[in-house]
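Structure assessment
The chain contents come next:
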Amino acid sequence: MIALIVSGLLLLAWVALIALRERRRRRFAGDIVPQDRMPRPVRVLLVVGLVLLPLASAVVAAPTALCFGGGFDPGVTLRGWTTGSESECVGVSDGGYDFSRGFADDEIGDTTRQRYREVLGQIKKQNDEVTGDYVKVAFLAPLTSPLSGPRVVHELAGLAAAQRDLNKMVLAPKIKLVLAHVGAEGDGWEGVVEDLIAMAHEDSVPLRAVVGLGLSQGNTKLATDSLSKSDIPMVADLITADNFGTTPLLYRAAFANTKQIDNSISALGNVGIAWQKGVVVRSKKKEDTYSQTLADHIRGKLETRTDPFDFDDEDADRLGSRFAGIVTRLCNSSQNPAVLFYAGRARYLSDLLVKLHDKQCEKKVIVVSASDAAVLRMDVREDSAVHSWGVQQAHDALQDKEVKLLFTPLADPDGPDNPSLTRLRDQLPDHVSDLNTGWAMMAWDALHVATQWIRGEQDDSMQSAIPGLTTVGNSSKGLFTSTKPYEGAGGKFHFEYGERKDLDQNAPVPVCLQSDGTVRPVTARKVGDELCNLKE
């Protein structure tokens, strides 16, 4: 908005110069010689101003104007257009801006794109319908990340459903959502976070919490640290890397990936599978803290502290040959079944599973991954994403009884029913499959937690409808405890030093992905569960 105002002022100055020039022309028309002839420097400045002012106005307005293709939203600007780097529209929107243009056409098809626009429209409509006392809660994320793919649509669907659920309640204040997009790689976090901090100090409708926060990456850490320093409470729905655990006012509704892998290791030990000599595969990207911290944790538990197998996830041409080399090493090992800990992003997991399926040896291999692997449960209706992520190829590879995939999901829609999960499922009657990846459930829980902090423990007398940041921050430190947990779609939990702690000591439950895209738990979650048999 400031850029458009400055651009407008520059245009007004240009118009004023034109008016001044025309006035002098009319005044001294014909043979009249001006007695107050302008000094030469002034005339030069006038000419320069007439040329440069409209150019300056265009340059100032361009970052905003070039993003109008997704809708008119002065809070969204084009980043990187003057530096030669890949440009993208980033910023803060109330749901009226269509960020789907940032998706790669070969990864996201029309079905997913249409669903994305539909969910954004729902959030916009719900924001417009908010009345009475209300505050803003920001959803911060890389809304076009190639590592998220269609799951970000599931995440937004869970967020929209949570907003509907919360604003139907009698309690105040109501919630207006703003979507804070930091770019596919999170590079635009700084300007976006500055906008959110400014919103937190608005008088009329202030920002009181930030949810979502993106993936476990270096830019996410920078963004959360900056928000923390400004005393803004945060609820992360997907962050699992260990290096986020010390940020003040950051609470994680997701299980840390070390907790996920520890539960998977326990499951392997309980059925007598030797995992201590397993191998670790990770991404070479140092800024991908999901992969790096997970690999370091696994390596510390193994008997052999050999270096992990690194792969370059930006070099698609060499990815297959690197995975083929890893499979050859597994075939030459004495372990049977062999255990491979995959600490990379699930974007590339199907490639590895295909190589294991095609291996030239008869050896069982158990691939142990973390929550990111749930992307292989995406609905087949998202056909373009299913193709680009190799979902069907992964399912086909798992038909081979010699290859199994074990992982621990962030949230499991097939787990025991609870009131929150039922309400969420009821709000997605035509899109229940959005729950499969777990991201919708996590977003639902994150917004409910943040809103309960904002509303506090209200009674019949009703406290102040618009709490201060300090009040919300204090509420975040004491509202959910082991004796009074939060009851969410993903189960009952509380926080200890910002970390999620489940009342069920066995949570989260590891599962095996089946060739039909369903999962089976390793240990029973509820009566009647058909269990995964890792030894068959």
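Look up a bit, the structure's there.
Residues numbered from 1 in each chain as written. Predicted model: local features only at pLDDT ≥ 70, side-chain atom pairs only at ≥ 80, totals over all residues. Heavy atoms only, no water.

1. Notes on the overall build of the protein chain
Assigned secondary structure in the protein chain consists of 15 helices and 17 strands. Of the contacts formed within the protein chain by residues at least 6 apart in sequence, a portion of 70% connects residues at least 24 apart. Per element, the accessible surface of the protein chain, about 23,400 Å² overall, is 52% carbon and sulfur. (Helix = DSSP H or I, 4+ residues; strand = E, 2+ residues; numbered from the N terminus. Contact = heavy atoms within 4.5 Å. Areas by Shrake-Rupley, 256 points an atom, 1.4 Å probe, with all protein chains shown as cover.)

2. Digging into a positive patch on the surface
A cluster of basic residues, Lys284, Lys286, Arg318, Arg322 and Arg329, forms a positive patch on the protein surface. Positionally, lysine 286 belongs in the loop between strand E8 (279-283) and helix H8 (289-301). (Patch = residues over 30% accessible without salt bridge, like charges linked within 9 Å, V, L, I, M, F, W, Y side chains within 5 Å. Salt bridge = Lys/Arg side-chain N within 4 Å of Asp/Glu carboxyl O. Lys, Arg positive; Asp, Glu negative; His and termini not counted. Charge placed at Lys NZ, Arg CZ, Asp CG, Glu CD.)

3. What to know about the packing of helix H13 (residues 419-426) against helix H14 (residues 439-455)
H14 packs onto H13 with a crossing angle of 115° between their chain directions and a minimal axis gap of 11 Å. The hand of the H13/H14 crossing is right-handed. Side by side, H13 and H14 meet where Ser420, Leu421, Arg423 and Leu424 of the first sit next to Ala440, Met441, Trp444 and His448 of the second. Here the contact of H13 with H14 is built from residues that sort into five nonpolar, two polar and one charged. (Axes fitted to C-alpha atoms, helices over the stretch in contact; angles between N-to-C directions. Left-handed = near helix turned anticlockwise from the far one by under 90°. Nonpolar A, V, L, I, M, F, W, Y, C, P; charged D, E, K, R; others polar.)

4. As for helix H7 (residues 257-270)
Taking 1.5 Å per residue as the helical rise, H7 with its 14 residues ought to reach 20 Å, and the 20 Å between its terminal C-alpha atoms agrees with that figure. Residues of H7 that are buried sit in contact with H8, strand E10 (338-342), strand E11 (365-368) and strand E12 (403-407). Phi turns positive, to about 80°, at glycine 272, one or two residues after H7. (Expected span 1.5 Å × (residues − 1).)

5. Comments concerning the sheet that holds E8
Strand order in the open sheet made by the seven strands is E9-E8-E10-E11-E12-E16-E17, with mixed pairing throughout. Strand pairing shows two members of the sheet lacking a second neighbour, strand E9 (309-311) and strand E17 (519-521), which therefore form its edges. Sheet twist, expressed as the mean angle between neighbouring strand axes with direction ignored, is 25°. As paired elements, E12 and strand E16 (residues 511-513) share two bridges and run antiparallel to each other. Its bridge partner being in E16, phenylalanine 407 is matched across the sheet by valine 511. This element, H8, spans E8 and E10 of the sheet and lies at about 165° to E8. Sheet strands in contact with helix H10 (residues 349-357) are E10, E11 and E12, and its direction is about 150° off that of E12. (Pairing = 2+ DSSP bridges.)

6. Notes on the packing of helix H3 (residues 110-129) against helix H4 (residues 151-167)
Across the interface, H3 lies against H4 with an axial gap of 10 Å and an inter-helix angle of 25°. Relative to H4, H3 is oriented roughly parallel. In this structure, H3 crosses over H4, and the sense of that crossing is left-handed. Where H3 abuts H4, its residues Thr112, Arg115, Tyr116, Val119, Leu120, Gln122, Ile123, Gln126 and Asn127 lie against Val153, Leu156, Ala157, Leu159, Ala160, Gln163 and Arg164. Taken together, the residues of the contact of H3 with H4 break down into nine nonpolar, five polar and two charged. (Parallel < 35°, antiparallel > 145°, perpendicular 65-115°, else oblique.)

7. Brief notes about the sheet that holds strand E13 (residues 486-488)
Across the sheet, which stays open at both edges, the three strands sit in the order E13-E14-E15 with antiparallel pairing between neighbours. Looking at strand neighbours, the two that pair on one side only are E13 and strand E15 (499-502), the edges of this open sheet. Between one strand and the next, the sheet's axes are offset by a mean angle of 45°, whatever the strand orientation. Strand direction decides the pairing type here: strand E14 (residues 491-496) and E15, joined by four bridges, are antiparallel. Counted as the bridge partner of phenylalanine 493 is aspartate 502 from E15.

8. Details of the pattern of salt bridges
As enumerated under the stated definition, the model contains 19 salt bridges in all. Note that lysine 221 and aspartate 225 form a salt bridge whose closest N and O atoms lie 3.0 Å from each other. Residue lysine 221 and its partner aspartate 225 are both found in helix H6 (residues 218-229); the two are separated by four residues, about one turn of the helix. The exposure class assigned to lysine 221 is buried, which follows from its relative accessible area of 17%. Note that aspartate 412 is salt-bridged to arginine 377, the shortest N-O span being 3.8 Å. Linking aspartate 412 in the loop between E12 and H13 with arginine 377 in the loop between E11 and helix H11 (383-388), this pair joins segments that are 35 residues apart in sequence. (Buried < 20%, exposed > 50% of the residue type's maximum accessible area, 1.4 Å probe, protein only.)

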